[in-house]
Amino acid sequence: MPTCAAPNCTNSHMKGFRVFVFPKDEGRRKQWLINCRRDNWKPTAFSALCEVHFEASQFEEHRLDGKRKLKPNAIPTLFFNVPKPHARTEVMRKTNIALCSIIVSFHSYAKTLDVEMQDADADYEDADVAAVDACESDSMTTESKKSNLKLKVGSVCFAFNCKNHKNAETRKLGISFHKFPDKIREPERYRSWVQNCCHPRRKPSLASRLCSAHFDASYVNRTLDHFQLRDGAIPTVFQLPKHLQVIILPMIC
């Protein structure tokens, strides 16, 4: 809806005010324009005046729908001492402002939450690697720490208790890394991969990878410069504590 066309008035529907377009009747339209006292200005089809420029007697009374509607012959006369909006209008104005603030805050929070969720998996994986490093740091010499640091550049294998990282060193050893099956197109295979990894309180993300050391040779299709898993491959080779070995799933053909 348009902003009020009266001089020095910025009321609008968005601020909680009722606005009324200029009448099509030439006589009333001319009277509205004269009372506005705007020099060298002609109203358009969208020009309107807000409700504060009309006396209470210019509105229909006792309407069943409770709306404020002008009488057919209503004329605006209040242009110098503009009264404060009535209580209903003030409540609507404050409500609109509050709703706009809530909507802006929600969109801002949604964007922040989306970024945090995208980074959560990477942060969890980094924390897991840091915990493994902390446990081993007491027994390492300076030279061994430097050597292991070179090996731990890249993504770590998702499997529980596996320390293989995706880097140049593992490629030289013939170890490759593979993403998890699509959990929508291959739900059973995806479930087998996750359960066999035996990672407590953790689920793989889109960036998670499993190294080839956890697959039986029958699932390996190896060429001179390429390593590929055969269709339906299930990881079954894991170095797990005894209390976790009982949940390993059999291979699915």
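Refer to the structure above for everything that follows.
For clarity, every value in this text was computed on a predicted model and none was experimentally measured.

A. Examining the overall build of the chain more closely. Of the regular secondary structure elements, the chain holds 6 helices and 6 strands. Taken over 253 residues, the chain has a buried fraction of 32%. If you take every contact in the chain between residues at least 6 apart in sequence, the share linking residues at least 24 apart comes to 58%. Counting every atom, the chain has about 17,700 Å² of accessible surface; 57% of that belongs to carbon and sulfur.

B. Spotlight on the nonpolar core. Core analysis: the largest hydrophobic core is formed by 21 residues, its most contacted members being F22, W32, L49, C50, F54 and L70. Of all the secondary structure elements, the ones that give two or more residues to this core are β1 (19–21), α1 (26–36) and β2 (48–50). Leave out the neighbours within four places in its chain, and W32 touches F20, V21, F22, P23, L49, F54, L70, A74, I75 and P76. Ranked by size, the runner-up nonpolar core spans 19 residues in total, among them C157, I175, V194 and A233.

C. Local environment of helix α5 (residues 187–197). Along α5, the residues that are buried comprise R189, Y190, S192, W193, V194, N196 and C197. Taken from the residues just after α5, C198 is the one with a positive phi, measuring 55°.

D. Here's a closer look at unusual backbone geometry. The phi angle at N8 is positive, at roughly 60°, despite the residue not being glycine. Topologically, N8 is positioned in the segment before β1. Notably, N40 is not glycine yet its phi reads approximately 55°, a positive angle. By secondary structure assignment, the location of N40 is in the loop between α1 and β2.

E. Summary view of the pattern of salt bridges. All chains considered together, the criterion is met by 4 salt bridges. Close ionic contact of R68 with E51 constitutes a salt bridge, the shortest N to O distance being 2.9 Å. Of this pair, R68 sits in the loop between β2 and α2 (87–136) while E51 sits in the loop between β2 and α2, placing them 17 residues apart in sequence. E51 gets classed as buried once you look at its relative accessible area, which sits at 2%. Between R189 and E186 there is a salt bridge; the shortest N-O distance is 3.2 Å. For R189, a relative accessible area of 16% corresponds to the buried category. The exposure class of E186 is partly exposed, given its relative accessible area of 33%.

F. Molecular detail of the layout of surface pockets. One number sums up the size of the largest pocket: a volume of about 670 Å³. Around the largest pocket, the lining is made up of 25 residues, and of these K179, F180, P181, D182 and K183 lie nearest the centre. At the level of secondary structure, the elements contributing two or more residues to the lining of the largest pocket comprise β3 (177–179), α5 and β6 (227–229). Per element, the largest residue contribution to the lining of the largest pocket is 4 residues, and it comes from α5.

G. Molecular detail of the packing of aromatic side chains. A full pass over the atoms with the stated rule returns 10 aromatic pairs. Both rings, one in F54 and one in F59, keep their centres 6.3 Å apart while their planes meet at 70°; by these two values the pair is edge-to-face. Each of the two residues, F54 as well as F59, counts as buried. The interplanar angle of 65° and the centroid separation of 6.4 Å between the aromatic rings of F180 and Y190 together place this pair among those described as edge-to-face. With F180 in the loop between β3 and α5 and Y190 in helix α5, this pair connects stretches of sequence that are 10 residues apart. The burial state of F180 is the same as that of Y190; both residues are buried. Joined through ring pairs, the aromatic side chains of F20, F22, W32, W41, F54 and F59 make up one cluster. Positioned above the aromatic ring of W41, the side-chain terminus of R38 is 4.3 Å from the ring centre. Its end group placed over the ring of F59, R68 keeps NZ or CZ at 4.0 Å from the ring centre.

Thresholds applied
Residues numbered from 1 in each chain as written. Predicted model: local features only at pLDDT ≥ 70, side-chain atom pairs only at ≥ 80, totals over all residues. Heavy atoms only, no water. Helix = DSSP H or I, 4+ residues; strand = E, 2+ residues; numbered from the N terminus. Buried < 20%, exposed > 50% of the residue type's maximum accessible area, 1.4 Å probe, protein only. Contact = heavy atoms within 4.5 Å. Areas by Shrake-Rupley, 256 points an atom, 1.4 Å probe, with all protein chains shown as cover. Core = buried A, V, L, I, M, F, W, Y, C linked by side-chain atoms within 4.5 Å. Salt bridge = Lys/Arg side-chain N within 4 Å of Asp/Glu carboxyl O. 1 Å grid on protein atoms, 1.4 Å probe; cavity = no way out; pocket = protein on both sides within 12 Å on 5 of 7 lines; lining within 4 Å. Points joined across faces, edges and corners; volume = space filled by probe spheres on them. Phe/Tyr/Trp six-rings, centres within 6.5 Å; stacked < 30°, edge-to-face > 60°. Lys NZ or Arg CZ within 6 Å of the ring centre and 35° of its normal.

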